[in-house]
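Read off the chains here:
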Amino acid sequence: MDNKDNERKSIIKPSHGWAALNLRDLWSYRELIFFMTWRDLKVRYKQTLLGASWAILQPFLTMVVFSIFFGTLAKVPSDGVPYPIFSYTALIPWALFSKALQDASRSLVANSHMITKVYFPRMILPLSSVLAGVVDFLIAFIVLIGMMIYYKITPTTNVWFLPLFFVLALVTAVGVGLWLSALNVLFRDINYVLPFLTQFWMYLTPIAYPSSMVPVRWQAIYALNPMTGVVEGFRWALLGTGQPPGTLTLVSSIVAVALLISGMFYFRRMERLFADMV
Amino acid sequence: MTHTAIKVNHLGKKYMIGSSVNAYRTLRETVSEQFSVNKKRSAVLKNASESIWALNDVSFEVNKGEVLGIVGRNGAGKSTLLKVLSRVTEPTRGSVEVYGRVGSLLEVGTGFHPELTGRENIFLNGAILGMRRNEIESKFDEIVAFSEVEKFIDTPVKRYSSGMYLRLAFAVAAHLEPEILVVDEVLAVGDAEFQRKCLGKMSDVAKQGRTVLFVSHNMSAILRLTEETLVIDKGNLLLRAPTAEAVDYYLSSGLTQEGQRIWQPNEIDQKSQFIPTAMRILDKKGNILETVRSTEPFSIEVEYQIRKPTKGLRVGIYLLTSHGEFVLTSFDTDDPIKFDTHTVRDEGVYHSKVNIPANFLNGGRYVLGLNASSYRIKTYFHDEQALAFNVDPSGAPGMQWPESRLGPLRPALKWEIKKI
């Protein structure tokens, strides 16, 4: 046997316990991530009347409702900025996150026909559904820029840190998405848990209210929710309100990375069952 | 000098059947299993008895450039083998050494999205099958030409006819260039013209020196395309032999079921609305026969259960020679009057019985297939090798010459001899 053959030799055998992440395999399929994301985008708003405007309408209408009930009626403080922009700044990363959870957790089951027929790194499915949400995020972000002009808010130099908080949101979304998608193959309960989970999670995140309302002694536990770090970061970077990144951001980032890594390993461990269970 | 392409060592794949295979687990079950020791033990015991080895200690080797056929009954483990080889599912035991990229054609059109256009689906499907973007781009025109859908390439595929859809899907897959190609039953679908085209493409692939593993129920395709064939039954590799010998062995041994085929519940998807239970060869008096006489009529009876009212259902048979050549296809509602009087079949157990006249078949071995479908709506069941039987030619026309007659039919034809 010549060397060329040895190079391409691969061995298929049963795996046990925790599997290696095999990121090289994922990298060699990077084009498929792109194609799947593109497919999700292409198909998402087909046969809808308003099309991509939904990406704006969802956070925007939530912002309107929040502004009326929390801002005007309940008089929730908003760190000295107008309540609508205060909540909208938090709602866009939140919309990215909640949409990612929804789509990623269903991605494996929805594409079961592919999983049972062709090999590709399964992680591509939840990954591309998270990435498809980024486009919605960017569309909704344009509205935020419009609102900032309307409310005459000039971003400070903090704005250069925004991409970091955006990445933090993505890391959290992918981490949780991997966990939920793998669990959903084994336990379809996830479908029923998800609406509650997203709702609870939203209340645990300072979207309708500022994190300064949370008592100081709870702050450390509060920061365990990585979305707290994301939302606070967005407000600090864009509106200049709240605390500059500190312990809270650090705790959030550590939790987010832990979620991502554990999610990837759990996913890889469960991956071998997908084709037989889905 | 030959090189190994695939080396399969003692491969085994276990499936759990019953509760945990189709139905997914719920959290409650898992949690209660964790907490209750007894229950857990009983669940383990139950699972042990409900597991089957879809593949059991299978070992073989395939050399580069070899075209290997795989035959076996439904549920014999053929598809499981291909799924393991293409890394869709993991084996439970044993290992496979693979040299080179494996391309699989387990089902054409995987990942096609109805809302996307033909063009978009070519790229998407190509990527799913493991092609690079530039690879797809360079073959794009070839793929489109092969699929014959040039005019509709920018139309969403949901507007395609089923034939167009299939041609496009096969075209993408056929232009994959892996070192090893595994093909499962692509030819079970599509019209005769399309099947011819697929077979042509497959033999081209083989001629290019690539390794092909080809699973099919179509014996003539297996005979035409492959040099050697594996016979698999109940997860075991029974025989590896030159194709003609293997096909002969397969048709004459595995299928013999004394003139009757009974489908066990675990062989059939119990959620289907059409569940075949038996197929029998009967003589005039209703006895089950394995060998019929060419000079006497016999009948073929299909017993099945309909689970919910089914519209436009046709239950029919295929009759094939032992070489896999079709002799005829016939459905119980072929007669337009029957078709009008049986528009909907309600739930219940049914018999569809057809009489085969005397002096019709030549002596030899034949295979019966079963198909239940609603035309252009759905195929509920399809098995081209349900049952085999023998025809004894004694007493048939021309028996004064002890030679074997060519052709599957042996009718008593009226000849006129005149001197002019």
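Note that the structure is predicted; figures quoted are calculated from it, not measured.

Asks: Looking at this structure, how should I read the pairing of strand E7 (residues 211-215) of chain B?
Replies: Looking down a regular strand, the side chains alternate between one sheet face and the other. Residues and elements named next belong to chain B. Taken across its five residues, E7 has five buried, putting it largely inside the fold. By the alternation rule, side chains of E7 split into Thr211, Leu213 and Val215 and Val212 and Phe214, which are all buried. Looking at chain direction, strand E3 (residues 67-71) and E7 are connected through four bridges and run parallel. Its bridge partner being in E7, Gly69 is matched across the sheet by Phe214. One ladder, built from five bridges, connects strand E6 (residues 180-184) with E7; its direction is parallel. By the bridge assignment, Ile180 is partnered in E7 with Thr211.

Asks: Where do I start with the sheet that holds strand E1 (residues 9-12) of chain A in this structure?
Replies: Within a sheet, neighbouring strands are paired by backbone hydrogen bonds and run either parallel or antiparallel to one another. A sheet is described by the order of its strands in space; here four strands give the open sequence E1(A)-E4(B)-E1(B)-E2(B), paired in antiparallel fashion. Unpaired on one side and paired on the other, E1 of chain A together with strand E2 (51-63) of chain B mark the two borders of the sheet. Between one strand and the next, the sheet's axes are offset by a mean angle of 20 degrees, whatever the strand orientation. In the sheet, E1 of chain A pairs with strand E4 (residues 93-99) of chain B via four bridges, with the strands oriented antiparallel. Of the residues in E4 of chain B, the one forming a bridge with Lys9 of chain A is Tyr99 of chain B. The strands touched by helix H4 (residues 78-85) of chain B within the sheet are E1 of chain A together with strand E1 (4-16), E2 and E4 of chain B, with E1 of chain B carrying the most contacts at an inclination of about 120 degrees.

Asks: What is the right way to look at helix H8 (residues 162-186) of chain A in this model?
Replies: Since the α-helix packs 3.6 residues into each turn, any two residues three or four apart lie on the same face. End to end, H8 of chain A covers 37 Å across 25 residues, agreeing with the expected 36 Å (1.5 Å per residue, within 8%). Counted residue by residue, H8 of chain A has 21 buried out of 25 residues, so it is predominantly covered.

Asks: Could you clarify how one ought to interpret the pattern of salt bridges in this entry?
Replies: Opposite charge on two side chains lets them pair, provided their charged atoms get close. Applying the stated criterion across every chain yields a total of 18 salt bridges over all chains. Its salt-bridge partner being Arg39 of chain A, residue Asp40 of chain A comes within 3.5 Å of it at the nearest N-O pair. The pair formed by Asp40 of chain A and Arg39 of chain A is uniform in burial state, with each residue classed as buried. A salt bridge links Lys42 of chain A to Glu120 of chain B, with the nearest nitrogen and oxygen atoms 2.6 Å apart. Highlighted residues: Lys42 of chain A in helix H3 (residues 30-44) and Glu120 of chain B in helix H5 (residues 118-128), drawn from two different chains.

Asks: Would you mind showing me how to read the packing of H3 of chain A against H5 of chain B here?
Replies: One can describe the packing of H3 of chain A onto H5 of chain B by two numbers: an axis separation of 9 Å at closest approach and a directional angle of 140 degrees. As summarised for this structure, H3 of chain A and H5 of chain B are arranged oblique, according to the angle between their axes. Here H3 of chain A runs over H5 of chain B; the crossing is left-handed. Of the residues in H5 of chain B, those touching H3 of chain A at Leu32, Phe35, Met36, Trp38, Arg39 and Lys42 of chain A are Glu120, Phe123, Leu124, Ala127 and Ile128 of chain B. Tallied by class, the residues present in the contact of H3 of chain A with H5 of chain B amount to eight nonpolar, no polar and three charged.

Asks: For this particular structure, what's the right way to read the confidence of the model for chain B?
Replies: Low-confidence regions, as indicated by low pLDDT, have predicted coordinates that should not be scrutinised in detail. All names here are of chain B. For chain B, the average pLDDT comes to 82, and 85% of its residues sit at 70 or higher. This model gives residues 19-23 a pLDDT under 50, and the stretch forms six contacts once residues within four places in sequence are excluded. Low confidence marks residues 38-48, where pLDDT is under 50. Its contacts with residues over four positions away, or in another chain, come to six contacts. Across the interface, the model reports ipTM at 0.80; the global pTM reads 0.72.

Rules of the game
Residues numbered from 1 in each chain as written. Chains lettered and ligands numbered in written order. Predicted model: local features only at pLDDT ≥ 70, side-chain atom pairs only at ≥ 80, totals over all residues. Heavy atoms only, no water. Buried < 20%, exposed > 50% of the residue type's maximum accessible area, 1.4 Å probe, protein only. Helix = DSSP H or I, 4+ residues; strand = E, 2+ residues; numbered from the N terminus. Pairing = 2+ DSSP bridges. Axes fitted to C-alpha atoms, helices over the stretch in contact; angles between N-to-C directions. Contact = heavy atoms within 4.5 Å. Expected span 1.5 Å × (residues − 1). Salt bridge = Lys/Arg side-chain N within 4 Å of Asp/Glu carboxyl O. Parallel < 35°, antiparallel > 145°, perpendicular 65-115°, else oblique. Left-handed = near helix turned anticlockwise from the far one by under 90°. Nonpolar A, V, L, I, M, F, W, Y, C, P; charged D, E, K, R; others polar. pLDDT = per-residue confidence, 0-100.

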